[in-house]
There are 4 protein chains.
Amino acid sequence: MIIVLKQDSSEEQAAQVLESLGRLGLSATALPTSQNMLIAVLDDVRQLPSHLFSQLPFVERTIRVQPQSTLALKGAPLTLSFKNKIQIGNGQRPVVIAGPCSVEGQAQILHLAYKVKESGASMLRGGAYKPRTSPYDFQGLGKEGLKYLSEARQATGLPVVSEVMSAEQIEQAEPFIDMFQIGARNMYNYELLKEVGRSSRPVLLKRAMSATVAELLNAAEYIMLAGNLHVILCERGIRTFETCTRNTLDLGAVAALKSMTELPVIVDPSHATGRRDLVAPMARAAIACGADGLLIEVHDQPLQALSDGEQAVTSCQLKDII
Amino acid sequence: MIIVLKQDSSEEQAAQVLESLGRLGLSATALPTSQNMLIAVLDDVRQLPSHLFSQLPFVERTIRVQPQSTLALKGAPLTLSFKNKIQIGNGQRPVVIAGPCSVEGQAQILHLAYKVKESGASMLRGGAYKPRTSPYDFQGLGKEGLKYLSEARQATGLPVVSEVMSAEQIEQAEPFIDMFQIGARNMYNYELLKEVGRSSRPVLLKRAMSATVAELLNAAEYIMLAGNLHVILCERGIRTFETCTRNTLDLGAVAALKSMTELPVIVDPSHATGRRDLVAPMARAAIACGADGLLIEVHDQPLQALSDGEQAVTSCQLKDII
Amino acid sequence: MIIVLKQDSSEEQAAQVLESLGRLGLSATALPTSQNMLIAVLDDVRQLPSHLFSQLPFVERTIRVQPQSTLALKGAPLTLSFKNKIQIGNGQRPVVIAGPCSVEGQAQILHLAYKVKESGASMLRGGAYKPRTSPYDFQGLGKEGLKYLSEARQATGLPVVSEVMSAEQIEQAEPFIDMFQIGARNMYNYELLKEVGRSSRPVLLKRAMSATVAELLNAAEYIMLAGNLHVILCERGIRTFETCTRNTLDLGAVAALKSMTELPVIVDPSHATGRRDLVAPMARAAIACGADGLLIEVHDQPLQALSDGEQAVTSCQLKDII
Amino acid sequence: MIIVLKQDSSEEQAAQVLESLGRLGLSATALPTSQNMLIAVLDDVRQLPSHLFSQLPFVERTIRVQPQSTLALKGAPLTLSFKNKIQIGNGQRPVVIAGPCSVEGQAQILHLAYKVKESGASMLRGGAYKPRTSPYDFQGLGKEGLKYLSEARQATGLPVVSEVMSAEQIEQAEPFIDMFQIGARNMYNYELLKEVGRSSRPVLLKRAMSATVAELLNAAEYIMLAGNLHVILCERGIRTFETCTRNTLDLGAVAALKSMTELPVIVDPSHATGRRDLVAPMARAAIACGADGLLIEVHDQPLQALSDGEQAVTSCQLKDII
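In short, a report on the structure.

Focus on the overall build of chain A
- Each helix and strand in chain A was counted, giving 12 helices and 14 strands.
- With the principal axes as the frame, chain A shows a C-alpha extent of 75 × 40 × 40 Å.
- Summarising the internal contacts of chain A: among those between residues at least 6 apart in sequence, 66% fall at separations of at least 24.
- As displayed, chain A offers around 10,900 Å² of accessible surface, 47% of which is attributable to carbon and sulfur atoms.
- On chain A, the mean spot of the 31 positive side-chain charges and the mean spot of the 33 negative ones are 6 Å from each other.

Pasting the structure below:
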């Protein structure tokens, strides 16, 4: 860590800072440059709280040379066992997780689960609790949806992932599903992250629309620090000024993450583009740049979908993609 | 609402769409233009779910001419009564809510509460539960912090606002405080919005870093639809590419909101800039463009603050600002 | 085009608007909805100036249903002939354009040109005029650089592309190179676009950091309307809040452009990421989502490069990528 | 400047870097931390080109502690003399520059010039050359427009500012106007910046939609390094995801600039918001946060304007604002 002192700081003041750091057990050295006095902390400060440094006197700003998320950066690939063993990450064959945006009924999810299986995907997705921008839009079937998901899981042997948004939903969902999804809108919901961190179910953590890669890793760190080391990171598009796609898929972040951590990194081309016709090209691009898997929305009657129909591919198209 | 049909749609297909809309009880008309067939829905569809339209056949996209948040757009100014009556919004004298980022101890919050009162502010803020990007940073004193806040409230007569991040925290905090704060990181946490919507305490709702004005109004709509009409909107900076300030304070959004709704709109220049030296100019600018109040971080020893010390002004500076 | 009238507009006022449109020779129809009066223009207005509509009375806003760039949307693949014929676009084998950021000397560019050829690339790039954020940074060798480029072109048979930034540079560069590059910083420089539009050399047009896809197509329209139909579009990363890569490569825009126009679309993974280690994965992703080619920076001594060394791959790495 | 070496660098390699820096005449020191080897350069390197450092061996990245734009940071207020003396910056009464987006005719600009004078503004603006996103939109009257501007200048005694976009236009415009405007779309057009830098006329430099404050200062540095120290900076909104205003007015950047340089900083609330009804509140906010002046679009028949009519206020509204 580099601490930049205010421009008019004296050498005495630098000495005071060094002394304060010393009392914290940290070795450091002062560097008088032609403009500012700099203090370089030589020890590993990644797991120390930021206020230890910002509360030092005469400080203009601090520059962390290393990110704080040490557990996330040491993460590992994932093995999921239901009827079969699925390995995610670490150069394994990319995993495809597919299904409808929302569970809309018993028949719908069962039909789609079989189609998803036929197309070669290895996990089923489906939302029972839906975070919607407008309170007037469809909010999901709730517990009923979880039961339908669970029936489709038993029938097809496909493990299931579904989104949770509160402690209560975690408790409700746990018996029915194999993996929790934390949606983009809840990536900064640290209470929820700690809550899924206390579970033993793997967590699929989606990057928030406005989150940096560093913040995504910090969110994973919250889950892992609470005890749950089974995290999958998911890039699903960030919010920018461009409007020809719903969000801007940041595959550079996927490649960057793959160079930083062994946590599996998957990509959701459906939410990223919001356009059915761009799902296949972006799915190919995601795998080409190193993603460990895909999360794809499927609906055989996208025009009848109760949410996000514009971006769902049909099960035939899914087969082609895989 | 304008529904744009796919480019090769026939008049027969347009007729089918019109018929479907008719079955929903909606009057509409088809417009063959030189490029696309357009369908204009003539009725008020603001409170109808989006899937009713996206699930129609042959649709390329839909354009909502009116926003969906009807309650938020009909919102009203707020009156808060503790020892005195405070009126917020509607051309009243701007309200100043001030206090430390975090409650750090009994003496600290009591001292600051008196200073805040002396400086002329009319409400006290202080965080007991802190959402922090890194799990290694200070997470707040929790229930103990709430008690200290409550003591400072009784001693000074200043009503108190404090952030909550879960249903459990809402229950814990309710007896101690006058207003809930929903932080920027939780603006998309719809379960939490519904939860504070069931309370009768007013809610200070902060705009998420990546939220549009329309999404902020939709978040307010969630609270109001759950029964709680007492909402204050707060602009606190959005995330952009600029790095000379921590976030980019969007005062244009404040002026735009003031032209749309009578809900009070306040501004947090501390989080928006992240720089103590810019709090005063941006506070002046906020009031100049019509904001109904300010949320300002104060700390008399900002270098000893356990969080966000860089942006806190001293109580002397606060007095000058007011 | 949909024209939204102000909320309190009367039917008489709508009639006035219709009459004005009629005088312009445009057929239109009025649509009284429950909130606003809408006017739908039924004729093709893509090539009509915007002020024709915004200057109509009682107008709140206008919504163009179709983009204005009709030439760009009708664009065609490109054939380039120097010693060999190179076809770019339309499902041809992706073209690779490689070379150093800046021409730094006669020996450097000659050496790299041979290496680029050996590695299998089909065009040489190299900057003689360099747009640099700081005036203190290396500004390019100018005309001398163009001569070295031209020698390397003759020696290897590789056609050459190089950036121009003014009318004077266009004139200077024209005899020495095969294709002009308009850099991202000059995409909005409409005088320059018109100038290269008067040339017959093909133009490689880079998307500005803040340009939407629609604006990129409008920039191409400027060139094409001036007479030069030989345009290649190049995505090179947009500016967002993310800092782990220099820019955010927007491959969704590439796939979207491929669905809109037959103009060739290529990708520059070097400037997009600013990181040597991410060039290969993003090059693969670009091709996977349908890009017609790549623009890659190469330097065999990246640590000695006079500009942008951090993002240049070596000629060995280039060979691997191809 | 801090140079971060690659993670596995040895002390010997650090010694090599120090030696290389020594050969450049720069004193530096190595700092072995627990993760990386850091090299701190102690001399003033602001005016040295970046490649001197990035070309050193074993370097991971470099962190400039000080910005490079030294002339811009030492800038001075401006005095403009035509019939009266106008002082801009340095705590003087804010200057108001007003006029139409485009010069549309002799009568129009003369009428507006008188109105602008009457309302209390002290300079006239008007575009003769117009950068328009679409080539089909009105491109300005060119030299004819300049003559009309010049006549209005003589008649009213108001000095005039007008945009130039090429070397040729600079030459044409110089006899007719008092100040050049460099538009947001040309802020990165370094050849144009050098060209106006060779003139002695003051330059009103608008921030590009995607430019950081540091880049704006670097653009000013280009002009000043070419010999012209008379620069006014202008904030006119940046591009973000928000769409309720045309751009996002970044007043935090204005306050930050005022704390960095004595160059005058003015604000354009018309282009920033794109909405007539928000011009007044944002003008007030701009002055409240320390802006040295305003640039406001005025049109007495905004519905007949040939460009940007949505954002022009009438001369009556201008009077109220002033």
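Observations regarding the relation of the copies chain A and chain B
- Superposing chain A onto chain B takes a rotation of 180 degrees plus a shift of 0.0 Å along the axis, which leaves an RMSD of 0.0 Å. Interpreted geometrically, this transformation is the action of a two-fold axis. Identified as the residue of chain A closest to the rotation axis by C-alpha distance is Ser210 of chain A, at 2.7 Å.
- Mapped onto chain B, 100% of the interface residues of chain A again fall at the interface, so both copies present the same surface.

Some remarks on the sheet that holds strand S14 (residues 293-297) of chain C
All names here are of chain C.
- Strand order in the closed barrel formed by 8 strands is S7-S8-S9-S10-S11-S12-S13-S14, with parallel pairing between adjacent strands. On average, each strand axis in the sheet is inclined to that of its neighbour by 25 degrees, with strand direction left out of account.
- Of the strand pairs in this sheet, strand S7 (residues 95-99) and S14 are connected by 5 bridges, and their pairing is parallel. Note that in S14 the partner of Val95 across the bridge is Gly293.
- Contacts from helix H11 (residues 276-288) reach strand S13 (265-267) and S14, with the element oriented near 165 degrees to S14.

So, the interface of chain A and chain B
- Each partner contributes residues to the interface: chain A has 49 residues there, and chain B has 49 residues.
- Counting the contacts that link chain A with chain B gives 2 salt bridges.
- Among the ionic pairs, Arg239 of chain A bridges to Glu215 of chain B, the shortest N-O distance being 2.7 Å.
- On inspection of chain A and its partner chain B, the count reaches 12 residue pairs in polar contact (both at pLDDT 80 or more).
- Elements that contribute at least two residues to the side of chain A that touches chain B include exactly helix H2 (51-54), helix H3 (70-73), helix H7 (190-197) and helix H8 (213-225) of chain A.
- Considering every element that reaches the side of chain A that touches chain B, the biggest residue donor is H8 of chain A, with 5 residues.
- For the side of chain A that touches chain B, the per-class residue count stands at 20 nonpolar, 19 polar and 10 charged.

Quick notes on the pairing of strand S9 (residues 160-163) of chain D
All names here are of chain D.
- What you see with S9 is no split at all: Val160 and Ser162 on one side and Val161 and Glu163 on the other are buried throughout.
- Sheet topology places strand S8 (residues 123-125) next to S9; 2 bridges connect them, and they run parallel. Counted as the bridge partner of Arg125 is Val161 from S9.
- Running through helix H5 (residues 143-156), the crossover from S8 to the neighbouring parallel element S9 is right-handed.
- As defined by bridge partners, S9 adjoins strand S10 (residues 179-182) across 3 bridges and the pair is classed as parallel. Within S10, the position partnered with Ser162 by the bridge is Phe180.

Some thoughts on the nonpolar core
- Ranked by internal contacts, the top residues of the largest apolar core, which has 146 residues, are Leu205, Leu233 and Leu251 of chain B together with Leu205, Leu233 and Leu251 of chain D.
- In this structure Leu205 of chain B touches Ile182, Met187, Leu193, Leu216, Ala219, Ala220, Ile223, Val231, Ile232, Leu233 and Cys234 of chain B, once residues within four positions along its chain are discounted.
- Of all hydrophobic cores here, the second largest spans 145 residues; its members include Val96 and Val116 of chain A together with Val96 and Leu217 of chain C.

Considerations on the packing of aromatic side chains
All names here are of chain B.
- Applying the stated criterion across every chain yields a total of 4 aromatic pairs over all chains.
- When the centroid spacing of 4.4 Å and the interplanar angle of 15 degrees are considered together, the rings of Tyr190 and Tyr222 count as stacked. With Tyr190 in helix H7 (residues 190-197) and Tyr222 in helix H8 (residues 213-225), this pair connects stretches of sequence that are 32 residues apart.
- The exposure class of Tyr190 is buried, given its relative accessible area of 4%.

Scoring rules and cut-offs
Residues numbered from 1 in each chain as written. Chains lettered and ligands numbered in written order. Predicted model: local features only at pLDDT ≥ 70, side-chain atom pairs only at ≥ 80, totals over all residues. Heavy atoms only, no water. Helix = DSSP H or I, 4+ residues; strand = E, 2+ residues; numbered from the N terminus. Contact = heavy atoms within 4.5 Å. Areas by Shrake-Rupley, 256 points an atom, 1.4 Å probe, with all protein chains shown as cover. Lys, Arg positive; Asp, Glu negative; His and termini not counted. Charge placed at Lys NZ, Arg CZ, Asp CG, Glu CD. Least-squares fit on C-alpha atoms with pLDDT ≥ 70 in both. Pairing = 2+ DSSP bridges. Axes fitted to C-alpha atoms, helices over the stretch in contact; angles between N-to-C directions. Salt bridge = Lys/Arg side-chain N within 4 Å of Asp/Glu carboxyl O. Polar contact = N/O pair within 3.5 Å; in protein donor to acceptor, adjacent residues only side chain to side chain. Nonpolar A, V, L, I, M, F, W, Y, C, P; charged D, E, K, R; others polar. Buried < 20%, exposed > 50% of the residue type's maximum accessible area, 1.4 Å probe, protein only. Right-handed = clockwise from strand over helix to strand, strands pointing away. Core = buried A, V, L, I, M, F, W, Y, C linked by side-chain atoms within 4.5 Å. Phe/Tyr/Trp six-rings, centres within 6.5 Å; stacked < 30°, edge-to-face > 60°.

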